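# Structural description and commentary
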Amino acid sequence: MKKKTVMSVLLVLFSGFVILMAQTTGNNVVDVILKSYSAKVFTTIPVSDSDIDLIVKCGMKAPSGRNTQPWKFTVVKDQTITGEILQNITAGNILIIISGQEKQDGTVDPFNCALATENMYVAAQSLSLGAHIYAGPVSIINTNLKDKLGIPADYKAITVLRVGNIDKSIDAASGASARKKPEEVVNYK
Ligand SMILES: Cc1cc2nc3c(=O)[nH]c(=O)nc-3n(C[C@H](O)[C@H](O)[C@H](O)COP(=O)(O)O)c2cc1C
């Protein structure tokens with residue numbers, strides 16, 4: 001191969017490398033967050049128990065006010081029960097119900113549970129799984145399913161995290177919802 005041709009090939013390869021690098025920061029956590037999206041299409045491949053353990057561990061690691069850790073995580077693998085919570089859920093998906101402890105006035109501060117939910121949402125995607133947070137099903141859980149799910153009486157479901165395998169060849173991330181412009185949500189002084 002002529003010297004000029006070799007140089008052209010190297011230039012093309014280097015340009016490709018630069019473009020590829022520009023899409024990621026090189027920081028795993030930041031990259032997972034920037035690429036995260038609410039999965040909608042799942043495959044039926046079951047989520048492994050080791051992945052479930054890691055995801056739950058990340059939920060438990062979330063910070064909480066005065067380190068009260070006022071949450072319970074209910075992992076639902078039973079397909080009959082997952083179907084009662086979310087209609088048309090894909091077989092093999094699991095649901096993690098994040099419930100918060102009631103205060104004396106019967107209310108639950110959702111803030112700590114939200115942090116635990118987000119930790120698990122990010123962890124699942126970091127493990128190359130799809131994840132989706134739902135608030136819609138919590139009313140049916142709190143009204144009808146707490147006993148069946150073993151959620152203590154003084155806890156209320158706050159969010160439901162769906163986790164499942166996804167077809168990684170599909171660029172589903174491009175379907176993520178658009179975000180507001182930085183100038184709409186960030187200010188500097
Ligand atoms: C607190 C909370 C509640 C949500 N509840 C629902 C829900 O009930 N149903 C649903 O389809 N998505 C639900 N979502 C997902 C949001 O619609 C989604 O995060 C948002 O549209 C951004 O989309 P993206 O993550 O794909 O970019 C919820 C998300 C959060 C954080």
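Preceding this paragraph is the structure being described.
What you are looking at is a predicted structure, and each value in this text was computed from that prediction instead of being measured.

Another point: the overall build of the protein chain. When you go through the protein chain residue by residue, the secondary structure sums to seven helices and four strands. Along the chain direction, N to C, the helices and strands of the protein chain fall in the order α-α-α-β-α-β-α-β-α-β-α. The buried share of the protein chain, taken over its 189 residues, is 24%. Excluding contacts between residues fewer than 6 apart, the proportion of contacts in the protein chain whose partners are at least 24 apart in sequence is 75%.

A few words on the site of the ligand. Around the ligand sit Tyr37, Ser38, Ile133, Tyr134, Ala135, Gly136, Thr159, Ala176 and Ser177, and those are all the residues in its vicinity. For the shell around the ligand, the per-class residue count stands at five nonpolar, four polar and no charged.

Time to look at the environment of Cys113. Turning to its location among the elements, Cys113 is positioned in helix 5 (residues 110-126). Between the C-alpha atom of Cys113 and that of Pro63, which follows or precedes it by 50 residues, the distance is 9.7 Å. Apart from the residues lying within four places of it in its own chain, the contact partners of Cys113 are Trp71, Ile98, Gly100, Ile158 and Thr159.

This brings us to the sheet that holds strand 2 (residues 94-101). Spatially, four strands are ordered 1-2-4-3 in an open sheet, and the strand pairing comes out antiparallel. With partners counted over all chains shown, the strands left at the sheet margins are strand 1 (71-76) and strand 3 (130-134), one partner each. Strand-to-strand twist across the sheet, computed as the mean angle between neighbouring axes with direction ignored, equals 20°. Pairing analysis gives six bridges linking strand 1 to strand 2, with the strands arranged antiparallel. Looking at the pairing, Val75 lines up with Ile96 of strand 2. Against the sheet, helix 5 engages strand 1, strand 2, strand 3 and strand 4 (155-164), with an angle of about 10° to strand 4. Sheet contacts for helix 6 (residues 138-149): strand 1, strand 2 and strand 4; angle to strand 4, the most-contacted strand, approximately 90°.

In this section: helix 3 (residues 49-60). A rise of 1.5 Å per residue sets the reference length of helix 3, with its 12 residues, at 16 Å; its end C-alpha atoms lie 16 Å apart and thus fit the reference within 8%. Considered for burial, the residues of helix 3 that qualify are Ile52, Ile55 and Gly59. All buried residues of helix 3 fall inside an arc of 65° around its axis, so they share one side. Opposite the buried face of helix 3, by more than 90 degrees, sit the exposed residues Ser50, Asp53, Lys57 and Met60. Of the surrounding elements, those touching the buried residues of helix 3 are strand 1, strand 2, helix 5 and strand 4.

Reading the values: the criteria
- Every chain begins its residue count from 1, and numbering advances along the sequence as written.
- pLDDT decides what is reported in this predicted model: residues at 70 or higher carry local features, side-chain atom pairs at 80 or more are listed and counted, and totals for whole chains, interfaces and linings draw on all residues regardless.
- Comment: elements are numbered from the N terminus, with helices defined as DSSP H or I runs of at least four residues and strands as E runs of at least two.
- We call a residue exposed when 12 or fewer other C-beta atoms sit within 10 Å of its C-beta, buried when the count reaches 20 or more, and partly exposed for counts in between; the C-beta positions come from the backbone.
- A residue pair is marked as a contact if its C-beta atoms, positioned from the backbone, fall within 7 Å.
- The criterion for a residue being near a molecule or strand is a backbone-placed C-beta atom within 6 Å of that molecule or strand.
- Three residue categories are used. Nonpolar comprises Ala, Val, Leu, Ile, Met, Phe, Trp, Tyr, Cys and Pro, charged comprises Asp, Glu, Lys and Arg, and polar comprises the others, including Gly.
- DSSP-based pairing: two strands are paired if at least 2 bridges between them are found.
- A fitted line through C-alpha atoms represents every axis, and for helices the fit uses only the stretch in contact; the resulting angles, taken between N-to-C directions, go from 0 to 180 degrees.
- Here a helix's expected span is defined as the number of its residues, less one, multiplied by 1.5 Å.
- The directions from the helix axis to the C-beta atoms are what the arc is built from.

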